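If you want the building blocks of each chain, they are given just below.
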Amino acid sequence: RRRRVQAQRREAQREQREQAAKAEFQRHVEAAATAAATSAAAATTKHANRQRTRRQEHQFDELQRMFDGIQSDQSDHNAPSATATKKKKKRKSEAAMTYVPPVSRHSNRQKIHNAIKFTCLSGQTELITSDREQALYELKFTPGDNFLILLRRRRVLKFRALYVVDLRGQQAARLFGTGPNIIKKDDVAQFFKYDSAGRQFRELTLTSFSATTDAVTLRSKSGKK
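Residues numbered from 1 in each chain as written. Predicted model: local features only at pLDDT ≥ 70, side-chain atom pairs only at ≥ 80, totals over all residues. Heavy atoms only, no water.

Undergrad: Residues and numbers for the overall build of the protein, please.
TA: Secondary structure assignment for the protein yields 5 helices and 7 strands. Taken from N to C terminus, the helices and strands of the protein fall in the order α-α-α-α-β-β-β-β-β-β-β-α. Looking at the protein as a whole, 28% of its 225 residues qualify as buried. Working note: accessible area of the protein is about 16,300 Å², and carbon and sulfur atoms make up 50% of it. (Helix = DSSP H or I, 4+ residues; strand = E, 2+ residues; numbered from the N terminus. Buried < 20%, exposed > 50% of the residue type's maximum accessible area, 1.4 Å probe, protein only. Areas by Shrake-Rupley, 256 points an atom, 1.4 Å probe, with all protein chains shown as cover.)

As structure tokens, then:
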């Protein structure tokens, strides 16, 4: 009887060791699976960030070429001919130089950030959240001091697109959203500034882009381009 009890005890201990070994093996398998999933997710995120960075750099290059072209056109237009130079010298004492005010370094980046986050794209649906994150990303990493929001005016003002503004050239280039690639001052129907305290847009009595312009709506023909 004693031998039978000892044999049963040894058998129970063997089963316990087997169960412990199986549990340890299962833990190793689960840990390996978790590590593989984490590694795959990190690789996917890294690839997505790399693709976004490349797209952003390409867009920056296009914006820089556009603004360089604007400045080049203005330089060619303003370059005096030989005849004009002679005439200018003759009447230098009585002619007055046209003063061009410097572009303000005031930036409305933070106001545009607040307008997008708290007013234009403040919803919590998946689509709105995605648009808000993309718009804020473009706003954060795009060089420049002046930005504006293109609004669609129906019953209420709705977000259409985000633009970076060239005050000297009096035009804006699209960064994100749906709308014309370029907006010129003659395309604009209404100019607005954003009231951060009231979280609403207020119409301005302007006829051109300025440092206080935070949003615009387009004339009907321009909005269809």
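Undergrad: I'd like to hear about the pattern of salt bridges, residue by residue, with values.
TA: Here the structure, examined in full by the defined rule, presents 5 salt bridges. Between E18 and R14 there is a salt bridge, and its shortest N-O distance comes to 2.6 Å. With a gap of 4 residues between them, E18 and R14 both fall in helix α1 (residues 2–78), about one helical turn apart. In this structure E18 comes out as partly exposed when scored by relative accessible area, which is 38%. (Salt bridge = Lys/Arg side-chain N within 4 Å of Asp/Glu carboxyl O.)

Undergrad: I'd like a rundown of the sheet that holds strand β4 (residues 182–184), residues and numbers included.
TA: On the basis of which strands lie adjacent, the open sheet formed by 7 strands has the order β4-β3-β2-β1-β7-β5-β6 and mixed pairing. Here the strands that pair on one side only, and so sit at the sheet edges, are β4 and β6 (200–204). Between one strand axis and the next, the sheet turns by 40° as a mean value, whatever way the strands run. Judged from the 7 bridges that link them, strand β1 (residues 147–153) and strand β2 (residues 157–166) form a sheet pairing that is antiparallel. (Pairing = 2+ DSSP bridges. Axes fitted to C-alpha atoms, helices over the stretch in contact; angles between N-to-C directions.)

Undergrad: Talk me through the packing of aromatic side chains; I want residue IDs and the actual numbers.
TA: Scanning the entire structure with this criterion turns up 4 aromatic pairs. Centre to centre, the rings of Y137 and F141 are 4.8 Å apart; their planes meet at 50°, and the pair counts as tilted. Of this pair, Y137 and F141 both sit in helix α4 (residues 126–141), separated by 4 residues, roughly a single helical turn. Its end group placed over the ring of F118, R199 keeps NZ or CZ at 4.2 Å from the ring centre. (Phe/Tyr/Trp six-rings, centres within 6.5 Å; stacked < 30°, edge-to-face > 60°. Lys NZ or Arg CZ within 6 Å of the ring centre and 35° of its normal.)

Undergrad: Give me the nonpolar core: which residues, what numbers.
TA: Counting residues in each nonpolar core, the largest one holds 21 residues, and the members touching the most others are I116, I149 and F201. Within the residue set of this core, elements represented by two or more residues are α3 (109–120), α4, β1, β2, β3 (171–177) and β5 (188–195). Of the residues forming this core, the biggest block, 4 residues, is contributed by α3. Contacts of F201, omitting those with residues within four sequence positions, involve A115, T119, C120, I149, L151, L157, F192, K193, Y194 and A215. (Core = buried A, V, L, I, M, F, W, Y, C linked by side-chain atoms within 4.5 Å. Contact = heavy atoms within 4.5 Å.)

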